[in-house]
Amino acid sequence: MIFSIAIPFFSGCNKDLDGCGLTVVAVDGNDVSEDGQYNTRIPEAKIHIGKNSGNITRDGVSDAHGEAYFFFDNEAIFDITITYGEAPDTKVGSATVRLKEGQKIRKVVPLY
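*Asks:* I'm lost on unusual backbone geometry in this one. Help?
*Replies:* Most peptide bonds are trans, and most residues other than glycine sit at a negative phi. For the bond from Ala87 to Pro88, the omega torsion is 10 degrees, close enough to zero to count as cis. When you line up the elements, Pro88 lands in the loop between strand 5 (76–84) and strand 6 (91–99).

*Asks:* Just to check I follow, could you spell out the side chain of Asp28 for this structure?
*Replies:* Mapped onto the elements, Asp28 comes out in strand 1 (residues 20–28). Judged by its relative accessible area of 13%, Asp28 falls in the buried class. Discounting chain neighbours no more than four positions away, the residues touching Asp28 are Tyr38, Thr40, Ile42, Lys91 and Leu111.

*Asks:* Would you take a moment to explain the pairing of strand 5 for this structure?
*Replies:* Regular strands place their side chains on alternate faces of the sheet. Pairing of strand 2 (residues 46–50) with strand 5 involves 5 bridges; the strand directions are antiparallel. Bridge pairing in strand 5 links Lys46 to Thr83. As consecutive antiparallel partners, strand 5 and strand 6 are separated by 6 residues, and within that stretch Gly85 has a phi angle of approximately 95 degrees, a positive value.

*Asks:* Would you explain the nonpolar core in this entry?
*Replies:* What tends to happen in soluble globular proteins is that the nonpolar side chains get buried as a cluster. Within the largest apolar cluster, 19 residues are counted, with the highest numbers of intra-cluster contacts made by Val24, Ile49 and Ile82. Sorting the residues of this core by element identifies strand 1, strand 2, strand 4 (67–72), strand 5, strand 6 and strand 7 (104–111) as the ones contributing at least two each. At 4 residues, the largest contribution of residues to this core is made by strand 1. Residues within four places of Val24 in sequence aside, it is in contact with Ile47, Ile49, Gly66, Glu67, Ala68, Phe70, Ile80, Ile82, Lys107 and Val109.

What counts and what doesn't
Residues numbered from 1 in each chain as written. Predicted model: local features only at pLDDT ≥ 70, side-chain atom pairs only at ≥ 80, totals over all residues. Heavy atoms only, no water. Helix = DSSP H or I, 4+ residues; strand = E, 2+ residues; numbered from the N terminus. Buried < 20%, exposed > 50% of the residue type's maximum accessible area, 1.4 Å probe, protein only. Contact = heavy atoms within 4.5 Å. Pairing = 2+ DSSP bridges. Core = buried A, V, L, I, M, F, W, Y, C linked by side-chain atoms within 4.5 Å.

Structure, rendered in structure tokens:
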């Protein structure tokens, strides 16, 4: 039963989504093809989503495809911070995302 519920959440557009879905994709910002596409996704990157002035946060780790999935009950604007690796070879990336009710947003974040 859980499997049948998860499939619609992560596939295609779903106008009946009760809340806001977010997929974060961690990529290597230094590995870009001639057409501007990122070639390398980063698995096991640490992802933090939140806003300094708020108390709603989410933390996760990217999967084998460099992706992590999150769900929020309400619309919001969040900052995304991603880190990968150990010092002195730590890669970091950040972005801002606006979530809208009933939509699934996909945000690609390059790490440098």
